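Listed below, chain by chain, are the residues.
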Amino acid sequence: MYMLTDIFSLHHCIYVLRRYDLLFLQMKAWAKAQNINSSRDKTLNSLSIILLVAFHLQTRNPPILPPFSAILKDGSDPDSVEKSLNKFVNYGKSNKESVAELLVTLIIKLLSVEKLWDKGLCASTYEASWLSKTWDSKVCCISVEDFTDQSQNVARAVGKGEVKQIYKCIQRTSEYISAYMDGLVELPALRYQLFRHAAAPFQVDSQTSNIEENGNSITIPCRDIKNKEDQSTEGQKESQEAIPSETITTKRKWSTEGWEGL
């Protein structure tokens, strides 16, 4: 079966690939830093992360990736897929969201469906939509459909206790991002919380970054980013030590934008 990585290695998807690849690398780095990237430990395997990232790009407005069913419509062999991809040469170009914006909105998306997984919610990259689905008449802690075999859940290894651990990480990450947006946490501290490393691949594309929340545009302050990134190790250590050990109370509520129809 034609694999996801093969599909996006084709030159037709170079524009999309850059954002897809960077977002996947960031989510992978985040999951590893939070110790939730291991099927052996009953958390998220890498394929689950790959497909959740792809699903997020498919469900943006406007979408950045097409449904995989459209790509595989004429077959899953390399020639058929390449021919199909010719129809999607400019797909996603109208969406101007940065990688940082996509990372934040993916965290919001995951947080907003926390209570719906055990109701049968399933992320389908094949259909590019949420589905209500069971697996052998059972629901899973997290359901991410395998687009090459829709009878399989690639996140089936996630355990009941471990999904709580995953969502504690997602909740805490959302609180730190919100605190950063409110000017309560500096960028080095945010990077450390997300990636446990000051040099993690958290990118800011401009002096400010706008995130859509509840229909309103929120500006993330990125002032003095260059100076912050040029700080000495000692300065970074001081910022990291400023990370509070308790949950941050924030003024801003996270959006459930796009999920009211579930």
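No experiment lies behind these values; they were computed from the predicted model shown.

Caption draft 1: Quick peek at the environment of F55. Tracing the backbone through its elements, the reader meets F55 in helix α3 (residues 46-58). A sequence separation of 70 residues divides F55 from T125, and the C-alpha atoms of the two residues are 5.3 Å apart. Setting aside residues no more than four positions away along its own chain, F55 makes contact with K109, A123, S124, T125, A128, S129 and W130.

Caption draft 2: Seen up close, the nonpolar core. Core analysis: the largest hydrophobic core is formed by 61 residues, its most contacted members being W30 and I142. Where this core is concerned, the elements lending two or more residues are α2 (14-33), α3, α4 (68-71), α5 (78-85), α6 (99-112), β1 (121-124), α7 (160-181) and α8 (187-195). Per element, the largest residue contribution to this core is ten residues, and it comes from α7. Ignoring any residue separated from it by four or fewer positions in sequence, one finds W30 in contact with I36, I107, C169, I170, T173, L194 and F195.

Caption draft 3: Seen up close, the packing of aromatic side chains. In the structure shown here, the tally under the stated rule is four aromatic pairs. Taking the centre distance of 5.7 Å and the plane angle of 75° together, the rings of F88 and Y91 count as edge-to-face. According to the relative accessible area criterion, F88 is buried, its value standing at 15%. Of the residues examined, Y91 reaches a relative accessible area of 25% and is grouped as partly exposed.

Caption draft 4: Spatial organisation of the pattern of salt bridges. The full count for this structure, using the stated rule, is three salt bridges. Among the ionic pairs, R60 bridges to E97, the shortest N-O distance being 2.8 Å. Of this pair, R60 sits in the loop between α3 and α4 while E97 sits in the loop between α5 and α6; the two residues are 37 residues apart in sequence, bridging distant segments of the chain. The residues R60 and E97 share a single accessibility class, namely buried. A salt bridge links K87 to D74; the nearest nitrogen and oxygen atoms lie 3.7 Å apart. Taken together, the residues span a long stretch of sequence, with K87 in the loop between α5 and α6 and D74 in the loop between α4 and α5 at a distance of 13 residues. Given the relative accessible area of 57%, K87 is considered exposed. For D74, a relative accessible area of 46% gives the class partly exposed.

Caption draft 5: Quick look at the confidence of the model for the protein. When the pLDDT values of the protein are averaged, the result is 75; 68% of them are 70 or greater. Across the protein, the secondary-structure element scoring lowest on mean pLDDT is helix α9 (residues 225-229), at 30, and the one scoring highest is β1, at 97. The low-confidence segment residues 9-15, where pLDDT is below 50, has 14 contacts with residues more than four positions distant or belonging to other chains. Taken together, the stretch residues 198-262 has pLDDT below 50 and engages in 117 contacts with residues farther than four places along the chain or on a different chain.

What counts and how
Residues numbered from 1 in each chain as written. Predicted model: local features only at pLDDT ≥ 70, side-chain atom pairs only at ≥ 80, totals over all residues. Heavy atoms only, no water. Helix = DSSP H or I, 4+ residues; strand = E, 2+ residues; numbered from the N terminus. Contact = heavy atoms within 4.5 Å. Core = buried A, V, L, I, M, F, W, Y, C linked by side-chain atoms within 4.5 Å. Buried < 20%, exposed > 50% of the residue type's maximum accessible area, 1.4 Å probe, protein only. Phe/Tyr/Trp six-rings, centres within 6.5 Å; stacked < 30°, edge-to-face > 60°. Salt bridge = Lys/Arg side-chain N within 4 Å of Asp/Glu carboxyl O. pLDDT = per-residue confidence, 0-100.

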